[in-house]
Number of protein chains: 2
Amino acid sequence: MLEITNKAYSLSEFIASKQVGRMDWKAEIEAAQSRIVPHVRRTPVLRATGMVIERPVEFKLEHLQHTGSFKARGAFNTLLSGPVPEAGLVAASGGNHGAAVACAAARLGHRATIFVPELAGPAKIALIERTGADLKVVPGVYADALDRARDHEATTGAMQIHAYDAPATVIGQGTCMAEWEDQGLTADTVLIAVGGGGLVAGALAWLEGRRKVVAVEPENACALHAALAVGTPVDVEVSGVAANALGARRIGDICLGLAREHRVVSTLVSDDAITTAQIALWQEMRQLVEPAGAAALAALISGAYRPEPGERVAVLICGGNITPDPIQG
Amino acid sequence: MLEITNKAYSLSEFIASKQVGRMDWKAEIEAAQSRIVPHVRRTPVLRATGMVIERPVEFKLEHLQHTGSFKARGAFNTLLSGPVPEAGLVAASGGNHGAAVACAAARLGHRATIFVPELAGPAKIALIERTGADLKVVPGVYADALDRARDHEATTGAMQIHAYDAPATVIGQGTCMAEWEDQGLTADTVLIAVGGGGLVAGALAWLEGRRKVVAVEPENACALHAALAVGTPVDVEVSGVAANALGARRIGDICLGLAREHRVVSTLVSDDAITTAQIALWQEMRQLVEPAGAAALAALISGAYRPEPGERVAVLICGGNITPDPIQG
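The written sequence of each chain sets the order in which its residues are numbered from 1. The naming scheme follows written order: chains are lettered A onward, ligands numbered 1 onward. Given that this is a predicted model, residues contribute local features only at a pLDDT of at least 70 and side-chain atom pairs are listed and counted only at 80 or more, while totals for whole chains, interfaces and linings are drawn from all residues. Only hydrogens and water are set aside when side-chain values are computed; all heavy atoms of the structure are taken into account.

S.K.: Honestly, the overall build of chain A in this entry has me stumped. Any pointers?
M.R.: Looking only at helices and strands, chain A has 13 helices and 10 strands in total. C-alpha atoms of chain A, sized along the principal axes, occupy 55 × 50 × 40 Å. Type-normalised accessible area, obtained with a 1.4 Å probe on protein chains alone, sets the label of each residue: buried when under 20%, exposed when over 50%, and partly exposed for intermediate values. Counting over 329 residues, chain A shows a buried share of 63%. Contact definition: two residues touch when any of their heavy atoms are within 4.5 Å. For chain A, the proportion of contacts with a sequence separation of at least 24, taken over those separated by at least 6, is 71%. Surface accessibility of chain A: about 11600 Å² in total, with carbon and sulfur atoms responsible for 49%. Helix and strand assignments come from DSSP, with helices taken as H or I runs of at least 4 residues and strands as E runs of at least 2, each series counted from the N terminus. All accessibility values rest on the Shrake-Rupley procedure with a 1.4 Å probe; residue burial counts only the protein chains present in the view.

S.K.: What's the story with the relation of the copies chain B and chain A in this structure? I'm lost.
M.R.: Each of the two chain copies can be generated from the other by rotation about an axis followed by a shift along it. Superposition record for chain B on chain A: RMSD 0.0 Å, screw rotation 180°, translation along axis 0.0 Å. On the angle and the small slide along the axis, the relation comes out as a two-fold axis. Rotation axis and chain B: the residue whose C-alpha lies nearest the axis is Pro44(B), separated from it by 2.8 Å. Same-surface contact between copies: 100% of interface residues of chain B are shared with the interface of chain A. Superposition of the copies used a least-squares fit over C-alpha atoms from residues whose pLDDT is at least 70 in both.

S.K.: Is there a simple way to explain the interface of chain B and chain A in this structure?
M.R.: Note on interface size: it is often stated as the accessible area lost on association of the parts. Every contact between the two is made by 33 residues of chain B and, on the other side, 33 residues of chain A. Once two parts are brought into contact, the accessible area they lose, counted with a 1.4 Å probe and summed over both, makes up the buried area. Summed over both sides, the interface of chain B with chain A buries roughly 2800 Å², with 56% coming from carbon and sulfur. Considering only the surface of chain B that becomes buried against chain A, Arg41(B), Trp282(B) and Arg286(B) emerge as the three largest contributors, covering 25% of it. Salt bridges are counted wherever a side-chain nitrogen of Lys or Arg sits within 4 Å of a carboxyl oxygen of Asp or Glu. If you look at where chain B meets chain A, you find 0 salt bridges.

S.K.: Please clarify how the environment of Gly197(A) should be interpreted in this entry.
M.R.: Examined against the element boundaries, Gly197(A) turns out to sit in the loop between β7 (189-193) and α8 (198-207). For Gly197(A), a relative accessible area of 6% puts it in the buried group.

S.K.: Just to check I follow, could you spell out the domain arrangement of chain A for this structure?
M.R.: Residue and element names in this part refer to chain A. Considered domain by domain, chain A is made up of domain 1 (27-70 + 166-317) and domain 2 (72-160). Boundary definitions for the domains trace back to an automatic or database domain assignment. For domain 1 versus domain 2, the distance between C-alpha centres works out to 23 Å. Facing 28 residues of domain 1, the contacting portion of domain 2 comprises 24 residues. Each partner contributes to the roughly 2000 Å² buried at the junction of domain 1 and domain 2, and carbon and sulfur atoms together form 55% of this total. Together, His-39, Thr-67 and Asn-244 form the three largest contributors to the area buried by domain 1 at its contact with domain 2, with a combined 32%. Taken together, the connections running from domain 1 to domain 2 amount to 3 salt bridges.

S.K.: Before we go on, may I ask you to explain the packing of aromatic side chains in this structure?
M.R.: Residues and elements named next belong to chain A. What counts as a ring pair is set by centres within 6.5 Å for rings of Phe, Tyr and Trp (its six-membered ring), and what kind of pair is set by the plane angle: stacked under 30 degrees, edge-to-face over 60, tilted for all other angles. The final tally for this structure, using the stated rule, is 2 aromatic pairs over all chains. For the pair Tyr-142 and Tyr-164, a centre-to-centre distance of 6.0 Å together with 45° between the ring planes defines the contact as tilted. Placement of Tyr-142 in helix α6 (residues 142-156) and of Tyr-164 in the loop between β6 (159-160) and α7 (167-182) is noted, with a sequence separation of 22 residues between them. Each member of the pair, Tyr-142 together with Tyr-164, is buried. Charge-over-ring contacts are defined here by two conditions on Lys NZ or Arg CZ: a distance within 6 Å of the ring centre and an angle within 35 degrees of the ring normal. The ring of Trp-206 has Lys-26 sitting right over it, with the charged end atom 4.6 Å from the ring centre.

S.K.: Is there a simple way to explain the sheet that holds strand β6 (residues 159-160) of chain B in this structure?
M.R.: Two pairing modes exist for strands in a sheet, parallel and antiparallel, and in both the strands are linked by backbone hydrogen bonds. Residue and element names in this part refer to chain B. In spatial order, the strands read β5-β4-β3-β6; together these 4 strands make up an open sheet with parallel pairing. Each of the sheet's edge strands pairs with one partner strand only, and the pair in question is β5 (134-138) and β6. Where strand β3 (residues 89-92) meets strand β4 (residues 112-117), 4 bridges bridge the pair, whose relative direction is parallel. Each residue of the ladder has a partner; that of Leu-89, found in β4, is Ala-112. Two strands make a pair as long as DSSP finds a minimum of two bridges between them.

S.K.: Would you mind going over the confidence of the model for chain A with me for this structure?
M.R.: Fine structural detail should not be taken from predicted coordinates in areas where pLDDT scores are low. All names here are of chain A. On average, chain A scores 92 in pLDDT, and the residues at 70 or more come to 92%. In the model, residues 1-9 has pLDDT below 50 throughout and makes 33 contacts with residues more than four positions away in sequence or in other chains. Taken over the whole predicted complex, pTM reads 0.92, whereas the ipTM for its chain interfaces reads 0.91. The score called pLDDT rates the predictor's confidence residue by residue, from a low of 0 to a high of 100.

S.K.: How should a negative patch on the surface be read in this particular structure?
M.R.: A contiguous patch of negative charge, built from Asp24(A), Glu30(A), Glu208(A) and Glu261(A), is present on the exposed surface. Relative to the assigned elements, Glu30(A) resides in helix α2 (residues 25-36). Within this analysis, patches are made of residues with over 30% relative accessible area and no salt bridge. Like charges are joined at 9 Å or less; nonpolar side chains (Val, Leu, Ile, Met, Phe, Trp, Tyr) at 5 Å or less. Lys and Arg are tallied as positive, Asp and Glu as negative. Neither His nor the chain termini are counted. The atoms used to mark charge sites are NZ of Lys, CZ of Arg, CG of Asp and CD of Glu.

S.K.: Would you mind showing me how to read the sheet that holds strand β8 (residues 212-218) of chain B here?
M.R.: All names here are of chain B. An order of β1-β2-β10-β7-β8-β9 is seen for the 6 strands of this open sheet, with the pairing classed as mixed. The strands lining the two open edges of the sheet, one partner per strand, are β1 (45-48) and β9 (265-269). For this sheet the average axis-to-axis angle between neighbouring strands, irrespective of direction, equals 25°. Inspection of the sheet shows strand β2 (residues 57-61) paired to strand β10 (residues 313-317) by 5 bridges, in the parallel sense. Counted as the bridge partner of Phe-59 is Val-315 from β10. Helix axes use the C-alpha atoms of the stretch in contact, all axes being lines fitted to C-alpha atoms, and the angles between their N-to-C directions lie in the range 0 to 180 degrees. Lying over the sheet, helix α8 (residues 198-207) contacts β7 (189-193), β8 and β10, oriented at roughly 175° with respect to β8.

Below is the structure:
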């Protein structure tokens, strides 16, 4: 079995190190499940009808995870996979990954420095502050925060936890789909929102083509869609309602590799469609989620993805850290 | 097996009709489950730690039910238990029961007239309006709406569905606890918020003393607590943050009978404790619920109920129709 280290490897580094051919994603995800089970929640699932569309939908409510998104899985998996340096951890994040790393660090007794762009917004910033992490809010978008985090890593020796393009992160996120199958998922097709691609990569790695995966991106933050179109990761402009969670400027190498291997279906949704899905989730299911958390459902409601008759569909709700925070505690 | 009719029987009417001795609650609840399963959601469960208290808690997220509360169970059970008159249905409600009756009526093709007090608030009123029911907002509290509903029943021949003190309602609500046990509930003790007592009565009827039930009421809306103290239902003053959902002026006869038979533990929480629990549910679990939905957890957080060491506890989250509505769709 491949030794997973804490370093923020990209897939190209793996290929360079000639280890990728030996990567047994499924075994790694199973090992990660055992590793993180004391620390993460087994999030609920729900089969619901009447969600604007008439078709029944299986939901996984992963926004009930610690810190409000699936990111806790990758963070705990990374921290529990090997030693953490004295200088602690560093992460760049649109908000959710930073909150997850900060939470995992606090729980496991490590220092953490988190760089977020102003775009993260007050709700996610407050969430990180509550963990006690050293929070640095920087001008710009996620890529700017990542630059600052890399500088910090270089000067302090802190361990960088990449938000999506590192094997230990992807493997951790893969436990979400493994858990869902263990909870009795029946769908033919699973819709998943994509930012940098850590969550969908984990799902693709676990499923190995056994179910269809629809990767849903906002029209104005479509790094995977663009990369699939040109055959290689390319920088895209990012904006819109879901930008702080799905606004990666460039798709992860690991995600792109798995998306091509398993023939992911890539689809785009408008900001209006995302907002409509947010409203539906609140009105029909009393789940208040951030725009990224509603993006996958938006593809169904808007018709961006149209299932065949009889095709059973599932929607992963990935994040609930909405701005403005409806309750100022 | 007792024939369940649609009429809003109270337990005293049942006693008068000499049928109560033959009441097999468990069989009735099982029959109700079969009856309502195509129409209600099997709501999710979650085992969570870190909810302010260190102890792990099993939650049932019944606020994800249709119309945002458990009330859909009793409404569908009543409507499906027998014929509905041409004049349709009438219900009085602080909001949640009315929304459930209106939703069930719309789904099953019946007319519905719903009386709510102004206290129901704009979020619940909008919820009922969306169903297409004939909505009447009346001055005062729940008891005033009930008077109006009884007048309407007498003049039109519409079928009254009582919010809590009718066997078919209690039996419907009992399916919630039956479902929870089927989902693997392990707790020794279940905490449930009480207004008029339909939900806790259903739980007591199903459990038959197999688990401890803690009935949680606001200090300023404690109809069960007062009735247990004096040995008979008495009118209480109702006010406070949860009044539109838990503000029954007098506990239901059915609830009081079952509470005494099964030795319910009655406890009270302050409005501040309820608000603290609401904040915790949002901050730690991203569940935005109405005050009534947070009341049971409030008993744990505030220490109003203190479990023994090793005692496993569960909390039923019963309603999510918060005011103000955080999303105006």
